[in-house]
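Residue strings, one per chain:
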Amino acid sequence: MATKLFCDLHSVKAILFRRFSPITHFSNNININCRRDAHSTIDPKDIFQANPKIIKTFWDPEGIFKALHTFNYLRVPYIRDSLIEIAPGEKFSTCLKGKKILDVGCGPGLLSEGLAKLGAEVTGIDANRELIEMAKNHGYKNKRLANNLPNYIWTTIDKNTRTDKVDLYGTFFIICFPYIQNLFQDHSNTYADNYDAIVVSEVIEHVAEKELFVESCVRATKPGGKLFFTTPSRTRFAQFFIIFTFENILRNYPKGAHQYEKFMRPSELQFMLEMNDCFVESIKGYFYYPWGNNWEWTKNKMFSFAIEAIKST
Amino acid sequence: MNYDVIISGSGLIGLITAIGLSNDSVSVAVIEKNSLPRAVDDNRAFAISQGSKKILEKLGIWRLLEGETEPILDICILDGDSPFTVHYDHKMVGEEPMGYVIKSAIIWNAINKNFLHKLNIYSPRSYKTISCDEGYMEVTLDNDQKLISSLFICAEGKNSRLPELFSIPMIKFDYKQNSMVFNVKHELHHQNLAVERFFPGGPFAILPMKGGYTSSIVWTEKCEISKMLMSLSEEEFVIELKKRFGSYLGEIELEGERRFYPLSFSFARKLHKSRILLIGDAAHSIHPVAGQGLNLGMRDVESVIRQITAAKSSGIDVGSNYLLKKISYERYFDNFTMALATDGLNRIFSNRILCAQVLRNLGLMVVENSDFLKKSFVRHAMGFI
């Protein structure tokens, strides 16, 4: 695993960054250990057998993923309003027309469909094939979406290694150690400078090699394009709510979906983005209210935060 | 054809919802089984509360009605011939009148002329099948046309069969009362005073109408008595009417024809199922004792428009379960309390039982002397909760 890690660190920038930031260095080390343990004890094939059960409930608005359904109330207007200015009387169904958006870690397409409904040309990529199939199916079956379907791509390397590469909840929740970087790096190489906006919503906390991931995201963006990240903060507050309360007690999130060590601080993500020639426009905090199943913007960034950045031209 | 929302029933509530939603860039289709525009032949009047007026104002309907409405400034409540009365004055809450009385013909003409051509209307059509699937629903009309949408709003009125077909539990019973609705001309100006007088047969309401010398009467009586009254000739009817109306407005005479409507109570215990949402009288048909049926429906409309527009602008499926749940959470309590209150009022006032008589007179006395209670009742009647 360690050798693999060094093989994957192509970027000198990333190496430098690792060396000079003790926090990420530390957390990545922990991640490696965690994941290795998980891999050595669980047969991925078995997990994959059990997986459809959880994945099937993804589109169930009452299921364990119900929080993600209502999250669109917050994140879609957030993305919409920073991409365009809506004139009064303009039709919502076409307001994002002509915008190319890449949804990284789209999962079953919750956000992709939401953006597609506003008229955007959405491409969703995910490393989990089941989820991509599900997203395609759901979009295809839905006759309401027929004219503006998001384009879903399953980016992976080859079949033999697939089962090793995909973990319990698919990439949407847990992306195994170095592989998503490979996957996404591929996409970002083929589609460099291609997208008006990149949306990475609740994904980066499941990614291990974060520097590379962010770098790839930036590469796929057009100069002057925007990047949106939403992710939990690494605070004990967030740990208490997300991992302890919502996962274990209230069951609003699937159990075991988050690891505290993989969470990020706003400043860390901002630093990574600025390392890649991006200008961070705003950082906003938000909170999830489980009793009403709704999300709201907050002033502090203790729970989760959303970053909006512009790639420099 | 592909729509965001299909509305079944083109009553007032259905059309206002359609107008409001299409203002906000949601694509709407309306299915109506009778042909449109409907002929307006009744002389009913609607009492529109201040809250409903604000909603109509927002939708751009109110400006078409301006000049045709008569404000209600005071309300008087009497119990038969007992000396206890309650007098509500609009000045207790503010400068605005408590509500407005509008002839139904005026509101219908305004809608027919200005909005009907903007809406996608399927009439006279009824639906054969409704099938819900994940992400959308499909409605087949009786000419085999297929409409696809995300949400089906049922605004078909109280005789709708849809709740039954989708086995939505309803509470239903008959009041065994009929409401007679007609207009009278009177000698003296009504001073914008609405009167509600309770008799053992049911409430008797006088609503001030435009001009100052006509009033709309809603006379609720037990079935048998109302049938007997309807069969009377006009002269005889006026004699009976005078016994109830009193002489405070001088001589009276009938204007136009009399009509009667049987009253029943129905209340949906669930407002939504799969992708069906009940609003207006299809969800709650209540006793007209407080004149709140339409206003309650208007509050439904407001909530539906607000929530659906918010969902639409966020790219959320407008027929999704949590959206419908949100709407019904918002509406259910208000619907329920209003249904309970009107039913309770009717029950306690429309009888001759001594105990109830004492109780209601006591109640009237308390309300008359308590500023707080009066204010809160007025606020509620005005549509500000």
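Preceding this section is the structure that the text describes.
Keep in mind it's a predicted model, so treat the numbers as computed, not measured. (Residues numbered from 1 in each chain as written. Chains lettered and ligands numbered in written order. Predicted model: local features only at pLDDT ≥ 70, side-chain atom pairs only at ≥ 80, totals over all residues. Heavy atoms only, no water.)

K.L.:
Mind laying out the overall build of chain B, listing which residues take part and the relevant values?
P.N.:
For chain B, the count of helices and strands is 11 helices and 20 strands. Here the C-alpha atoms of chain B give a radius of gyration of 21 Å, agreeing with the 21 Å that 2.2 N^0.38 yields for 385 residues. Each of the three principal axes of chain B carries a C-alpha extent, and together these read 60 × 40 × 40 Å. Buried residues in chain B amount to 56% of all 385 residues. When contacts within chain B are restricted to residue pairs at least 6 apart in sequence, long-range pairs at least 24 apart make up 73% of them. For chain B, the separation between the mean place of its 44 positive charges and that of its 44 negative charges on side chains is 4 Å. (Helix = DSSP H or I, 4+ residues; strand = E, 2+ residues; numbered from the N terminus. Rg over C-alpha atoms; globule rule 2.2 N^0.38 Å. Buried < 20%, exposed > 50% of the residue type's maximum accessible area, 1.4 Å probe, protein only. Contact = heavy atoms within 4.5 Å. Lys, Arg positive; Asp, Glu negative; His and termini not counted. Charge placed at Lys NZ, Arg CZ, Asp CG, Glu CD.)

K.L.:
Break down the interface of chain B and chain A for me, citing the residues and quoting the values.
P.N.:
The interface is formed by 26 residues belonging to chain B together with 22 residues belonging to chain A. The contact between chain B and chain A buries some 2,100 Å² in all, and 51% of this surface belongs to carbon and sulfur atoms. It is Glu134(B), Ser313(B) and Tyr322(B) that lose the most area in chain B upon contact with chain A, and together they represent 27% of the buried surface on that side. Taken together, the connections running from chain B to chain A amount to zero salt bridges. (Buried area = accessible area lost by both parts, 1.4 Å probe. Salt bridge = Lys/Arg side-chain N within 4 Å of Asp/Glu carboxyl O.)

K.L.:
Give me the nonpolar core: which residues, what numbers.
P.N.:
Counting 48 residues, the largest nonpolar core has Val5(B), Ile16(B), Ile153(B) and Ile308(B) as the members making the most contacts within it. Not counting the four nearest positions on each side in its chain, Ile308(B) is found in contact with Val5(B), Leu21(B), Val26(B), Leu151(B), Ile153(B), Val318(B) and Leu323(B). Phe58(A), Leu96(A), Leu110(A) and Ala197(A) belong to the second largest nonpolar core, which has 42 residues in total. (Core = buried A, V, L, I, M, F, W, Y, C linked by side-chain atoms within 4.5 Å.)

K.L.:
Requested: an account of the packing of aromatic side chains, with residues and values cited.
P.N.:
With the rule as written, the count across this model stands at 34 aromatic pairs over all chains. Look at Tyr260(A) and Phe263(A): their rings are 6.3 Å apart centre to centre, the planes differ by 70 degrees, and that puts the pair in the edge-to-face class. With respect to burial, Tyr260(A) and Phe263(A) carry one shared label: buried. A ring pair is formed by Phe267(B) and Tyr332(B), whose centres lie 5.7 Å apart and whose planes are at 70 degrees; its orientation type is edge-to-face. Taken together, the residues span a long stretch of sequence, with Phe267(B) in strand 17 (residues 252-268) and Tyr332(B) in helix 9 (residues 321-349) at a distance of 65 residues. (Phe/Tyr/Trp six-rings, centres within 6.5 Å; stacked < 30°, edge-to-face > 60°.)

K.L.:
Requested: an account of the layout of surface pockets, with residues and values cited.
P.N.:
There is about 1,000 Å³ of room inside the second largest pocket. Lining the second largest pocket are 43 residues, and of these Lys117(A), Asn142(A), Arg144(A), Ser150(B) and Asp317(B) sit closest to its centre. Looking at the lining of the second largest pocket, the element that brings in the most residues is helix 6 (residues 110-116) of chain A, giving four residues. Partitioning the lining of the second largest pocket into residue classes produces 11 nonpolar, 21 polar and 11 charged. (1 Å grid on protein atoms, 1.4 Å probe; cavity = no way out; pocket = protein on both sides within 12 Å on 5 of 7 lines; lining within 4 Å. Points joined across faces, edges and corners; volume = space filled by probe spheres on them. Nonpolar A, V, L, I, M, F, W, Y, C, P; charged D, E, K, R; others polar.)

K.L.:
I'd like a rundown of the pairing of strand 6 (residues 278-289) of chain A, residues and numbers included.
P.N.:
All names here are of chain A. Bridge count between strand 6 and strand 8 (residues 304-311): eight bridges; the pairing is antiparallel. Each residue of the ladder has a partner; that of Lys284, found in strand 8, is Ala306. Judged from the five bridges that link them, strand 6 and strand 7 (residues 294-298) form a sheet pairing that is antiparallel. Paired with Tyr288 across the two strands is Trp295, which belongs to strand 7. A loop of four residues connects strand 6 with strand 7, the two strands running antiparallel in sequence, and Asn293 in this loop sits at a positive phi of about 55 degrees. (Pairing = 2+ DSSP bridges.)

K.L.:
Go over the side chain of Ser10(B), please, and point to the residues and values.
P.N.:
Among the secondary structure elements, Ser10(B) is positioned in the loop between strand 1 (5-8) and helix 1 (12-23). In this structure, Ser10(B) is in contact with Leu15(B), Val30(B), Ile31(B), Glu32(B), Leu36(B), Arg38(B) and Trp108(B), ignoring residues within four places of it in sequence.

K.L.:
Before we move on, can you summarise the pattern of salt bridges with the specific residues and values?
P.N.:
Residue and element names in this part refer to chain B. Tallied over the entire structure, the rule returns 27 salt bridges over all chains. A salt bridge links Lys53 to Glu57, with the nearest nitrogen and oxygen atoms 3.4 Å apart. Here Lys53 pairs with Glu57, and both are found in helix 2 (residues 50-58), just four residues apart, close to one helical turn. Of the residues examined, Glu57 reaches a relative accessible area of 40% and is grouped as partly exposed. The closest approach of N and O atoms between Arg347 and Asp343, which form a salt bridge, is 2.9 Å. One end of the pair, Arg347, and the other, Asp343, are both in helix 9, four residues apart, so they sit about a helical turn from each other. The exposure class of Arg347 is partly exposed, given its relative accessible area of 48%. Among the residues examined, Asp343 registers a relative accessible area of 12% and is labelled buried.

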